[in-house]
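Okay, here's what each chain looks like letter by letter:
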Amino acid sequence: GSPYKFGIQLKSINTPSRLKSINLLELAIDIANYLPNKEQYHLTNMQVFSEKNNNKPLEMHTDLRRGMIRAQVYLKGGKDNSGAFQYLLNTHKLNHNVEHYLNSMENKALEKLKFSCSGNPGDLLIFDTWGFHGKTKCNEERRSVIFEFQNIDPKISKDSSKASLDLN
């Protein structure tokens, strides 16, 4: 179902470990092998999303979760009109105090750092969610699977909430 009004459609699978067509836990292991210092992270969340008919981009923001790496695989879409991921390069290294979204002045100052990750089905994106990220509009469908890995060191992720992972 869609939690949004006005025809914007966002659908998610709440328990992706129950999918029978693919073992997402095995895919998570494959993806974890690409993480730097992979032994310092554990899988804390998996989600499958589908979104379309959304003419508004997701503005640049931070998830305010130090020590979290997110991996996203485009299953469908991923182009400029179907939710291409965007990142402000090297902003994960900043000691910022942004509450969530960048304001217009911050957006303007950092605009030159914007990198668009327009991609194809099967492309993998890995990024630090402390840095500023967003996505383009989703007029056409974007379907993706998302994996969250959080640092096991409580000093690094001390102020970060951890999602729960439902295992079938």
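Heads up: the structure comes first, above all this text.
Computed from a predicted model, the values in this text were never measured in an experiment.

(A) The sheet that holds strand 3 (residues 58–61), seen in detail. Strand order across the open sheet formed by four strands is 3-8-5-6, with antiparallel pairing between neighbours. Two strands close off the open sheet at either side, each with one partner strand: strand 3 and strand 6 (114–117). Strand-to-strand twist of the sheet, defined as the mean angle between neighbouring strand axes without regard to direction, takes the value 20°.

(B) Molecular detail of the side chain of asparagine 151. Mapped onto the elements of the fold, asparagine 151 is located in strand 9 (residues 142–151). Side-chain polar atoms of asparagine 151 contact the backbone nitrogen of aspartate 153, separated by 2.8 Å.

(C) Quick look at the pattern of salt bridges. Evaluation of the coordinates by the stated rule reveals seven salt bridges. With a shortest N-O distance of 3.9 Å, glutamate 111 and lysine 114 are connected by a salt bridge. Judged by relative accessible area, glutamate 111 falls into the partly exposed class, the value being 43%. Classification of lysine 114 by relative accessible area gives partly exposed; the value is 34%. Through salt bridges with shared partners, a single ionic network connects Asp63, Arg65, Arg70 and Glu148.

(D) Region of interest: the packing of aromatic side chains. A full pass over the atoms with the stated rule returns three aromatic pairs. Here phenylalanine 85 and phenylalanine 127 contribute two aromatic rings whose centre-to-centre distance is 4.3 Å and whose plane-to-plane angle is 40°, an arrangement assigned as tilted. On the criterion of sequence distance, the pair formed by phenylalanine 85 in strand 5 (residues 85–88) and phenylalanine 127 in strand 7 (residues 124–128) is long-range, its members being 42 residues apart. Among the aromatic residues, those joined into a cluster by ring pairs are Phe85, Tyr87 and Phe127.

Cut-off values and rules
Residues numbered from 1 in each chain as written. Predicted model: local features only at pLDDT ≥ 70, side-chain atom pairs only at ≥ 80, totals over all residues. Heavy atoms only, no water. Pairing = 2+ DSSP bridges. Helix = DSSP H or I, 4+ residues; strand = E, 2+ residues; numbered from the N terminus. Axes fitted to C-alpha atoms, helices over the stretch in contact; angles between N-to-C directions. Polar contact = N/O pair within 3.5 Å; in protein donor to acceptor, adjacent residues only side chain to side chain. Salt bridge = Lys/Arg side-chain N within 4 Å of Asp/Glu carboxyl O. Buried < 20%, exposed > 50% of the residue type's maximum accessible area, 1.4 Å probe, protein only. Phe/Tyr/Trp six-rings, centres within 6.5 Å; stacked < 30°, edge-to-face > 60°.

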